[in-house]
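Okay, here's what each chain looks like letter by letter:
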Amino acid sequence: MLHPLSLDKTHFRNKLHSFFLESLNHVQYDNFRILVFAQKEGPSHSRIEYVLTDEDTKEKRLRFAKKYITKNNIKADYIFRLDDDDLINPNSFERVNSLNCDVFVDKFHTFLNVDSGKIAQQERSWFPNTT
């Protein structure tokens, strides 16, 4: 059992990232790929393509990503903005695919509870930045 309080910050972030990668293995939708905009390549994964950038803040990387996607004419059924510590519901793509909508917001926020070290989920009244 992971207990985050016993880990240093870097080790804790790496552990969160491994949970993120593991959540990708359970996604039921087959037609997707992930672009990670980062300053260095991370752990290899069959669905992840790393796009290297020198941008040093999340805001700058988001602007870079938007330009990259537009410039390279990347088309997708869906675009999710996730951080490396986010977990994705394995049924998210299939659920959204069954709807006729422009924006989908999951009312549940899934996260690692740092007090218990367990994955938790709570219903929220706000839109997460992964909308």
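> Just checking my understanding: could you explain the overall build of the protein chain for this structure?
Secondary structure summary: the protein chain contains 3 helices and 4 strands in total. Counting the 131 residues in the protein chain, one finds 26% classified as buried. In the protein chain, the share of contacts with a sequence separation of at least 24, taken over all contacts with a separation of at least 6, comes to 44%. In the form shown here, the protein chain has an accessible surface area of approximately 9500 Å², with 48% of it arising from carbon and sulfur atoms.

> How should the side chain of Ser-23 be read in this particular structure?
Topologically, Ser-23 is positioned in helix H1 (residues 9-25). For Ser-23, a relative accessible area of 11% translates into the label buried. When neighbours within four sequence positions are excluded, Ser-23 is seen to be in contact with Asp-86, Leu-87 and Ile-88.

> Can you walk me through the pairing of strand E3 (residues 108-113) in this structure?
Every regular strand shows the same layout, with side chains that alternate between the two sheet faces. As paired strands, E3 and strand E4 (residues 118-123) are joined by 6 bridges and run antiparallel to one another. Of the residues in E4, the one forming a bridge with Phe-108 is Glu-123. Connecting the antiparallel pair E3 and E4 is a turn made up of 4 residues, with Gly-117 showing a positive phi of about 80°.

Thresholds applied
Residues numbered from 1 in each chain as written. Predicted model: local features only at pLDDT ≥ 70, side-chain atom pairs only at ≥ 80, totals over all residues. Heavy atoms only, no water. Helix = DSSP H or I, 4+ residues; strand = E, 2+ residues; numbered from the N terminus. Buried < 20%, exposed > 50% of the residue type's maximum accessible area, 1.4 Å probe, protein only. Contact = heavy atoms within 4.5 Å. Areas by Shrake-Rupley, 256 points an atom, 1.4 Å probe, with all protein chains shown as cover. Pairing = 2+ DSSP bridges.

The quantities given are spatial measurements derived from coordinates; they are silent on function.
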